[in-house]
Each structure stands twice: as C-alpha cells, then as structure tokens.
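Observations on the model geometry
One-letter residues, chain by chain:
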Amino acid sequence: MTTIHHIIILIMSIIGMANCTAASAADSYVDKNVSEFNDYIKEPGVQLIDVRTPEEYAEGHISGSTNINYYDSNFVTECENELDKNRPVAVYCRSGHRSGLAARALSKAGYSVTNLEGGILAWNAANMPTIK
C-alpha cells in the first residue's frame, strides 16, 4: 500500500468516527440525582414532564409537572405539540428507566433533556414533596 492509500484510509476513519460521535451526541441526555434535579427544575424555563401513565401521575407527582405518557404511541408527537424545543426539558418516571427511554427519544427529536435518576421512587425516598 502506498502512503496515499494510508492517508485516504486515515481520513475516512476520522470522518467515520466523527459521524459516530455526532450520532451519539444527538441522542444523549443528562442524569441528575434528586438534589441536582430539584435545583435544576427550579431554573427559569425548564419544562418538567412526568412520563408515567395518567393513573400513576394521579397517585402523586412533582409540582409543576405535565403528564405525557411515554407508553402512548404518539409520545414524541405529543411532546412536540406541548414542549418548546428552545427550552430545556426535565423528565421523570417511576424508577428512571422509562424516563431514560423518553429522554433518549426526546434528545433524538432535538430537545435538551435531563433525567431524574431513580425516578419518583428516589424522589419520595428523599422525602421530597409531591402533590395529588
């Protein structure tokens, strides 16, 4: 192989890695613990979303949250109708799993997203307030 071939292969490898990095950045989000999340949702402009079912939401939720059920087949569309892409989004669910999936989907759709680690279970365990 000539030096030119090595250079071409190197350039193509770099381009390929850059594309992979861009793809993973597009579906990234931030996880925050209860204390960090509580501080974060108090910041101006943060949109707080509870992605649990309406029944779970009715059992108790964080004040100021909007319920958009992740299990609805039109979850992302509903979020696009309700949320401003120019403002950050904070999501939570029961344990943090569903909201992690929701955060990834919203990130791919162009939102800046933060997820509550451990969900409302962690929130309640820290004796943080909820409303019904």
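This structure is a prediction, so every number in the text was calculated from the model and none was measured. (Residues numbered from 1 in each chain as written. Predicted model: local features only at pLDDT ≥ 70, side-chain atom pairs only at ≥ 80, totals over all residues. Heavy atoms only, no water.)

Thoughts on the sheet that holds strand 4 (residues 89-92)
An order of 1-5-4-2-3 is seen for the five strands of this open sheet, with the pairing classed as parallel. Strand pairing shows two members of the sheet lacking a second neighbour, strand 1 (30-32) and strand 3 (66-67), which therefore form its edges. Judged from the four bridges that link them, strand 2 (residues 47-50) and strand 4 form a sheet pairing that is parallel. Across the sheet, residue Ile49 finds its bridge partner in strand 4, namely Val91. Against the sheet, helix 5 (residues 97-108) touches strand 4 and strand 5 (113-116), its axis set at about 180° to strand 5. (Pairing = 2+ DSSP bridges. Helix = DSSP H or I, 4+ residues; strand = E, 2+ residues; numbered from the N terminus. Contact = heavy atoms within 4.5 Å. Axes fitted to C-alpha atoms, helices over the stretch in contact; angles between N-to-C directions.)

Brief notes about the packing of aromatic side chains
For any pair of aromatic rings, the description rests on two quantities: the centre-to-centre distance and the angle between the ring planes. According to the stated counting rule, one finds three aromatic pairs in the structure shown. Relative to Trp123, the ring of Phe37 has its centre 6.4 Å away and its plane inclined at 85°; by these criteria the two rings are edge-to-face. Here Trp123 lies in helix 6 (residues 119-125) and Phe37 lies in helix 2 (residues 34-41), a separation of 86 residues in the sequence. Here Phe37 and Trp123 have matching classes, each one buried. Each member of the aromatic cluster is reached from another via a ring pair, and the members are Tyr70, Tyr71 and Phe75. (Phe/Tyr/Trp six-rings, centres within 6.5 Å; stacked < 30°, edge-to-face > 60°. Buried < 20%, exposed > 50% of the residue type's maximum accessible area, 1.4 Å probe, protein only.)

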